[in-house]
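# Analysis of the macromolecular model
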Amino acid sequence: MRILALIVLMFLSLYADTMTPKQLHVLQTVRDVAKSIPDKNGKTYENTVSAICLTESSAGKNTIGDYKYKKSLTKASLGPMQIKVSTARHVSQNVKKLRWLNNLSDIQLAGRLLGDIKLSAQVATHYLILLQNQRKEHFYAISGYNGGMINRPYYNRVMKNMDVVNHLISLGKLS
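Quick summary incoming for the structure in this document. Sequence order as written defines the numbering, with residues in each chain counted from 1. The predicted origin of the model limits local features to residues at a pLDDT of at least 70 and limits the giving and counting of side-chain atom pairs to 80 or more, whereas totals for whole chains, interfaces and linings rest on all residues. With hydrogens and water stripped out, all remaining heavy atoms of the structure feed into the side-chain values.

The next point concerns the nonpolar core. Within the largest apolar cluster, 49 residues are counted, with the highest numbers of intra-cluster contacts made by Leu27, Met81, Ile83, Val123 and Tyr145. Each helix corresponds to a stretch of at least 4 residues labelled H or I by DSSP, and each strand to a stretch of at least 2 residues labelled E; elements are numbered beginning at the N terminus. Broken down by secondary-structure element, the contributors of at least two residues to this core are helix H2 (21–35), helix H3 (46–57), helix H4 (85–94), helix H5 (106–115), helix H6 (117–135), helix H7 (138–145) and helix H8 (152–170). Broken down by element, the residue count for this core peaks at 8 residues, all from H6. Every residue pair with non-hydrogen atoms within 4.5 Å of one another is taken to be in contact. What Tyr145 contacts, discounting residues up to four positions off in sequence, is Ile52, Glu56, Met81, Ile83, Ala124, Tyr127, Leu131 and Tyr154. Throughout this description, the term nonpolar core refers to a set of buried Ala, Val, Leu, Ile, Met, Phe, Trp, Tyr and Cys residues connected via side-chain atoms within 4.5 Å. Each residue's exposure class comes from its accessible area (1.4 Å probe, protein chains only) as a fraction of the maximum for that residue type: buried when under 20%, exposed when over 50%, partly exposed otherwise.

Another aspect to go through is the pattern of salt bridges. The salt bridge criterion pairs a side-chain nitrogen of Lys or Arg with a carboxyl oxygen of Asp or Glu, the two atoms within 4 Å. Summed over all chains, the structure comprises 2 salt bridges. With a closest N to O distance of 2.9 Å, Asp106 and Arg89 form a salt bridge. Taken as a pair, Asp106 in helix H5 and Arg89 in helix H4 lie far apart in primary sequence, 17 residues in all. A salt bridge links Arg112 to Asp116; its shortest N-O distance comes to 3.2 Å. By relative accessible area, which is 34% here, Arg112 ends up partly exposed.

Definition of a polar contact: a pair of N or O atoms within 3.5 Å, with one able to donate and the other able to accept a hydrogen when the atoms are protein atoms, and with sequence-neighbouring residues admitted only if both atoms are side-chain atoms. Within the structure, Arg89 has its side chain in polar contact with the side chain of Asp106 (distance 2.9 Å). With residues up to four places along the chain from it excluded, the contact list for Arg89 reads Leu101, Asn102, Leu104, Ser105, Asp106 and Leu109.

Here we take up H7. Counted residue by residue, H7 has 6 buried out of 8 residues, so it is predominantly covered. Those residues of H7 that sit buried are Phe139, Ala141, Ile142, Ser143, Gly144 and Tyr145. If you follow the buried residues of H7, they end up packed against H3, H6 and H8. Once H7 ends, the next one or two residues include Gly147, with phi positive near 85°.

On to the packing of aromatic side chains, then. Stacked, tilted and edge-to-face pairs are distinguished by plane angle, under 30 degrees for stacked and over 60 for edge-to-face with tilted covering the rest, among Phe, Tyr and Trp rings (Trp via its six-membered ring) whose centres lie within 6.5 Å. Counted according to the given criterion, the structure contains 3 aromatic pairs. Consider the rings of Tyr127 and Tyr145, whose centres lie 5.7 Å apart with planes at 50°: the pair is tilted. In this pair, Tyr127 sits in helix H6 while Tyr145 sits in helix H7, placing the two residues 18 residues apart along the sequence. Tyr145 carries the same exposure label as Tyr127, and that label is buried. An angle of 70° between the planes, with centres 4.9 Å apart, marks the rings of Phe139 and Tyr155 as edge-to-face. In this pair, Phe139 is assigned in helix H7 and Tyr155 in helix H8, connecting sequence segments 16 residues apart. The burial state of Phe139 is the same as that of Tyr155; both residues are buried.

Rendered as structure tokens:
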């Protein structure tokens, strides 16, 4: 058991040391935004949202996902949090502070999701809170972020990245 723990620790150290300053900036921005958005009980989800950011885009390294050649960019998962335009629209219908997104065209919204880390993090955090309120259990909320009710492989990847986030915090690279 100690050997396994040592291997995990070595992996975390290697991964934490390979993070670029830009990735650390993206993660810190995502954390700062998530800390400012509590759920109805006052709980914030900065660690979860940070782990999702690592899982979805390697902390902003891969900002376009699910893109199919000759399809509209507005159908892809975009930005550091890999938000689809349709998901952003869903969140904007349920979160008063984000209703202004309804005034943007799909192309404008896609551009904002791609280029605005804070907006991506706001939408993602509110989306996670909506899922948490709807599904109650954290496992189902995290699974839902990736488009399913039960998505154990995705949940497990997020939990592994939660360890990376906690390690980065312990090293003082994130606050």
